[in-house]
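# Close look at the chain arrangement
For reference, the chains in residue letters:
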Amino acid sequence: MVPVDPCGRPARPLGAAVTRSFADRHIGPDRSELDTMLPVVGVGSLDELAAAALPATILDGSGLAALPPAATEHEVLAELAGLAHANTVATSMIGLGYYDTLTPPVLVRNLLENPAWYTAYTPYQPEISQGRLEALLNFQTMVSDLTGMDVANASMLDEATAAAEAMTLLRRAGRSKSARLVIDTDLFPQTKTVLYTRAEPLGIEIVEAELADGGLPDGEFFGVLVQTPGASGRVVDWTAVIAAAHERGALVAVGADLLAMTLITPPGEQGADVCFGTTQRFGVPLGFGGPHAGYLAVRQAHARQLPGRLVGVSVDADGDVAYRLALQTREQHIRREKATSNICTAQVLLAIVAAMYASYHGADGLRAIARRVHGHAAAIASGLGEAVRHDNFFDTVLVQVPGVAEAVVAKAKSRGINLRLVDADHVGVACDEATTAAHVAAVLESFGATVPSGPPEAGAVVETRTSEFLTHPAFTRYHTETAMLRYLRSLSDKDIALDRSMIPLGSCTMKLNATAEMEAITWPGFARVHPYAPVDDAPGLLKVIADLENWLSAITGYDSVSLQPNAGSQGEYAGLLAIRRYHLDRGDAHRDTCLIPSSAHGTNAASAAMAGLRVEVVKCRDNGDVDLDDLRAKIADHADRLACIMITYPSTHGVYEHEVAELCALVHEAGGQVYVDGANLNALVGLARPGKFGGDVSHLNLHKTFCIPHGGGGPGVGPVAVRAHLAPYLPGDPLERDSHAVSAAKYGSASILPITWAYIRMMGADGLRRASLSAIASANYIARRLDEHFPVLYTGENGMVAHECILDLREITKQTGVTVDDVAKRLADYGFHAPTMSFPVAGTLMVEPTESENLAELDDFIDAMIAIRKEIDQVGTGVWPAEDNPLRGAPHTAACLVGEWDHPYSRETAVYPRGLGHARAKVWPAVRRIDGAYGDRNLVCSCPPLDAYTE
Ligand SMILES: *Cc1c(COP(=O)(O)O)cnc(C)c1O
């Protein structure tokens, strides 16, 4: 018999040269480690594991044959270099909210390309996330300072979705009963498209009007959306329009360019209620559309209405200043379909780049950049004279060239410059930080004009801003490279990211983000292409996109894929919209009900509400599975109104439900569609395909299964995949009004797609399948080893879990008073990031190891959990009081080693729970346990003054 390895492949003969593939480096457990793990799980091979864990009815490894064979890191980097090279990196002067920018190299290498920053997760464990929380607080302070508003959140997905969130915020926060929204015609076209997409299912009627000259239209409306500078580049003071809108009972949101705000009166000082926009031009590369951080800022009165994440200031157990997510942390999980928005993953990494760009340049530096940009625009305007349409502009001029706009754009193109073709008679020219005098001259030549001698005519834009901004030390201390370098290092040292420990967050799939996958994203061929550049500028990017669409279709078994959604939540929204429009087109307008199991991720319900669907909850059985009897009853109750069911597979309970095919059939028979939330695809790749076992549509999270790093809470990519009958309803080009686009850029966060491309290319079919099985093996290994200490809540038919397991602490808490919080915080003392807490079941921890952790790391985590269980027993038996023990006191800082100590456990137990000299590198949490409620009562969401730290 030929000896076979755990995957059933012929084992290498002894002594053969060992060539390790990328998959061998991506996957933690090697053959010999699997030999230790699989017997614990009770199977002999990975194939046996697949047969034992997954229902036979869905097992299907056929899709992967369509993938190219695995390549090595260096082969893939060479291929990507070729694709990057195929793109034309033109000088982008198209504008429309996307501007070239000069990212300071200190930020490229030490932030954007630094795993200590990009491999972190959303800071739900604030004690080990103080670095990125401080950076996000700087972001919020920067945005509120520049816009003149009181409170800003910690990023939106892009400007257009930020505008859409502003729209719904105005409706929630205002008192008007009207369903009409007035928008100015000079909003960016992509912003308008996304507003139209979002407004329709919510029954919001949009009225477009020229507000700057014409004033507000007749009739009632709940809100007004304007922008400055406008798409035409025109700068408008909206004070009078805002006052008139307020008088008529409406609230006003203003889109504002942050660089312009350094020179002109910000919307907050003009009376705006809400401000929205993008921070892209603060050091974040164009990236063919993303990712970049959008922003949303409001007056204090509306702070509790802000969607997404909000970082706030609070105190820790020692009374020291500490940061954490405020108010609506995981709001969707609590409020579900009543949540303010479905935003979960945001754009943290890019928000931090923008904030650091502001810290590095400071107020004076930003003002100087703004003046230079404006000076170039003014030079172009004075060279073109009468042809320029507006007197008041910042960086963009709209030029009237009757009948020859195309010719002008073509001439500029031949000089390596992309201008904006507005229509046959108009050209837009946008200047940015990268614009030079040579560009100005080339632009003027393209118009047949010459550079004017002498300085440009003064007064194109009056510097109307009188208020100070960015005066906090966060923006005055780090103007030298040495200071910035050390600031970045000191912040990231406070956090646990994947570069320090495994992050076993269930449902989040914190796997390796390989360096070879990350390399390409900052290459100019991918990073410096404008999203609205001519298509022939981007053949390499379009190849990456087309390959990915094909590969993801093959992996999921669907027919079409759109890469446009900027996060999982946006993929859900796009997928549900597709279902809704499908029913509408078939004359089934009454199908408006979305069934969602009680175990679902909160974004599901929030997305359904945004898509205009009514949510009906389907019960789960005691074993965690969807209750098919309840499902039958719900289908009968809502028969005519059934639009769809939205399930997660494998379920958020971490098991493969064996009745999934039957469940899908029940819904289909009743005329409904099946949405399969694909966030858990890491348990399916190469093993089963949702498009083949009953799904009509799924979203995937490339930032979970497909190696895009979480960036501390974003970026993400949430492609939506559909069967052929739904393909006509996928989101289209945001520059086309009726395209139902959900993001500002056609391909969403295009510049990070090479990460997923490289992952699939390097893994190949066999590697991907082995990754899924290794992830399942690791989860089952942990479940088996920890079960006697912390009971595993749900298992499938053979006692197997999928790629994650839920540890039930409820009984332990009842008996000892020790909570999941205590265990999560204590894990930091042991050097680990906590698992997911209290989702999807309160009082539990959900552990997902992924395939990337080797046996040593898995065992170390298990040992830490067992040691913690012993500590819990000491509380249970009264050795330590319930109110004063190492768990309740966790986490412990270095400061615990000095000063007074009056606890019943030793300092050694506090900070070196497993004894001195343990091989694991010591993590020192920056703060003690944080008092979240205090911060919510005393909401502070911008940088506190320095004396707050010394009180
Ligand atoms: C992560 C997750 C989502 C949301 O994805 P985001 O990218 O954070 O918006 C939805 N459903 C499930 C099951 C998830 O785990």
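The model shown is predicted, which means the values in this text are computed figures rather than measured ones.

In terms of domains, the protein chain is made up of domain 1 (124-340) and domain 2 (558-748). Distance between the C-alpha centres of domain 1 and domain 2: 28 Å. Each partner contributes residues to the interface: domain 1 has 27 residues there, and domain 2 has 34 residues. A buried area of about 2,400 Å², summed over both sides, lies between domain 1 and domain 2, and 59% of it is on carbon and sulfur atoms. Among the ionic pairs, R580 bridges to E200, the shortest N-O distance being 3.1 Å.

So, on to the side chain of H892. Relative to the helices and strands, H892 is located in the loop between α28 (855-876) and α29 (907-911). For H892, the side chain forms a polar contact with the side chain of D829, separated by 2.7 Å. A distance of 3.5 Å separates the side chain of H892 from the backbone oxygen of G889, its partner in a polar contact.

The next subject is the state of the cysteines. Under the defined criterion, the tally for this structure stands at zero disulfides. In this structure C275 is not part of a disulfide, and its nearest cysteine sulfur, from C941, lies 17 Å away. Judged by its relative accessible area of 0%, C275 falls in the buried class. Looking at the unpaired C943, the closest cysteine sulfur is the one in C941, lying at 11 Å. Judged by relative accessible area, C943 falls into the buried class, the value being 13%.

Considering all chains together, one arrives at 47 salt bridges under this definition. Here D364 ties to R367 by a salt bridge, and the two come within 2.8 Å at their closest N and O atoms. With D364 and R367 both in helix α14 (residues 348-384) and three residues apart, this pair spans about one turn of that helix. On the basis of relative accessible area, D364 is assigned to the exposed category, the value being 57%. Here E851 ties to K511 by a salt bridge, and the two come within 2.8 Å at their closest N and O atoms. Note that E851 is positioned in the loop between β23 (844-847) and α28 and K511 in the loop between α17 (481-492) and α18 (515-518), a separation of 340 residues in sequence. In this structure, E851 and K511 share a single accessibility class: buried. Taken together, the shared-partner salt bridges in this structure form one network comprising D822, E883, R888 and R929.

This part takes up the pairing of β23. If a strand is regular, its side chains alternate between the two faces of the sheet. Burial along β23 is two-sided: T844 and M846 and L845 and V847, pointing in opposite directions, are all buried. With four bridges connecting them, strand β21 (residues 805-808) and β23 associate as antiparallel partners. For D808, the partnering residue across the bridge sits in β23 and is T844. Alignment of strand β22 (residues 836-837) against β23, held across two bridges, turns out to be antiparallel.

One number sums up the size of the second largest pocket: a volume of about 450 Å³. Residue classes in the lining of the second largest pocket are distributed as nine nonpolar, six polar and nine charged.

With respect to burial, strand β13 (residues 426-430) is a largely interior element, five of its five residues being buried. The two faces of β13 match: H426, G428 and A430 on one face and V427 and V429 on the other face are all buried. As paired strands, strand β11 (residues 396-400) and β13 are joined by five bridges and run antiparallel to one another. By the bridge assignment for β13, Q400 is matched with H426. As judged from the three bridges shared by strand β12 (residues 417-423) and β13, these two strands associate in the antiparallel manner. When the bridges of β13 are listed, R420 appears paired with G428. The turn joining β12 and β13, which pair antiparallel and follow one another in sequence, is formed by two residues.

As a rule of thumb, non-glycine residues mostly have phi less than zero, and peptide bonds are mostly trans rather than cis. Of note, the amide linkage connecting T228 to P229 takes the cis form, showing an omega dihedral of -15°. Within the secondary structure, P229 sits in the loop between β5 (223-228) and α11 (239-247). For the bond from A890 to P891, the omega torsion is -5°, close enough to zero to count as cis. Tracing the chain through its elements places P891 in the loop between α28 and α29. The backbone of C707 sits at a positive phi, close to 75°, despite the residue not being glycine. Exposure remark for C707: the relative accessible area of 1% places this residue in the buried category.

Moving on, we come to the site of the ligand. By nearness alone, 14 residues border the ligand, and T345, S507, D677, H703 and K704 come closest of all. In this structure, D677 approaches the ligand through a side-chain N or O atom, which is 2.7 Å from a nitrogen atom. Within the side chain of N701, one N or O atom sits 3.0 Å away from an oxygen atom of the ligand. Within the complex, the protein chains bury 99% of what would otherwise be the 390 Å² of accessible surface of the ligand. Counting residues per element, the shell around the ligand draws most heavily on helix α21 (residues 568-585), at three residues. Residue classes in the shell around the ligand are distributed as three nonpolar, eight polar and three charged.

Now for the packing of helix α20 (residues 539-556) against helix α25 (residues 753-786). Between α20 and α25, the shortest axis-to-axis distance is 10 Å and the interhelical angle comes to 40°. As far as their axial angle goes, α25 and α20 are oblique. Considering how the two elements wind past one another, α20 and α25 form a crossing that is left-handed. Within the contact between the two elements, α20 uses V544, I545, D547, L548, W551, L552 and I555 and α25 uses L753, P754, T756, W757, I760, R761 and L768. Among the residues making up the contact of α20 with α25, the classes are represented as eleven nonpolar, one polar and two charged.

What counts and what doesn't
- Residues numbered from 1 in each chain as written.
- Predicted model: local features only at pLDDT ≥ 70, side-chain atom pairs only at ≥ 80, totals over all residues.
- Heavy atoms only, no water.
- Domains from an automatic or database assignment.
- Contact = heavy atoms within 4.5 Å.
- Buried area = accessible area lost by both parts, 1.4 Å probe.
- Salt bridge = Lys/Arg side-chain N within 4 Å of Asp/Glu carboxyl O.
- Helix = DSSP H or I, 4+ residues; strand = E, 2+ residues; numbered from the N terminus.
- Polar contact = N/O pair within 3.5 Å; in protein donor to acceptor, adjacent residues only side chain to side chain.
- Disulfide = S-S within 2.5 Å.
- Buried < 20%, exposed > 50% of the residue type's maximum accessible area, 1.4 Å probe, protein only.
- Pairing = 2+ DSSP bridges.
- 1 Å grid on protein atoms, 1.4 Å probe; cavity = no way out; pocket = protein on both sides within 12 Å on 5 of 7 lines; lining within 4 Å.
- Points joined across faces, edges and corners; volume = space filled by probe spheres on them.
- Nonpolar A, V, L, I, M, F, W, Y, C, P; charged D, E, K, R; others polar.
- Near = heavy atom within 4 Å.
- Areas by Shrake-Rupley, 256 points an atom, 1.4 Å probe, with all protein chains shown as cover.
- Axes fitted to C-alpha atoms, helices over the stretch in contact; angles between N-to-C directions.
- Parallel < 35°, antiparallel > 145°, perpendicular 65-115°, else oblique.
- Left-handed = near helix turned anticlockwise from the far one by under 90°.

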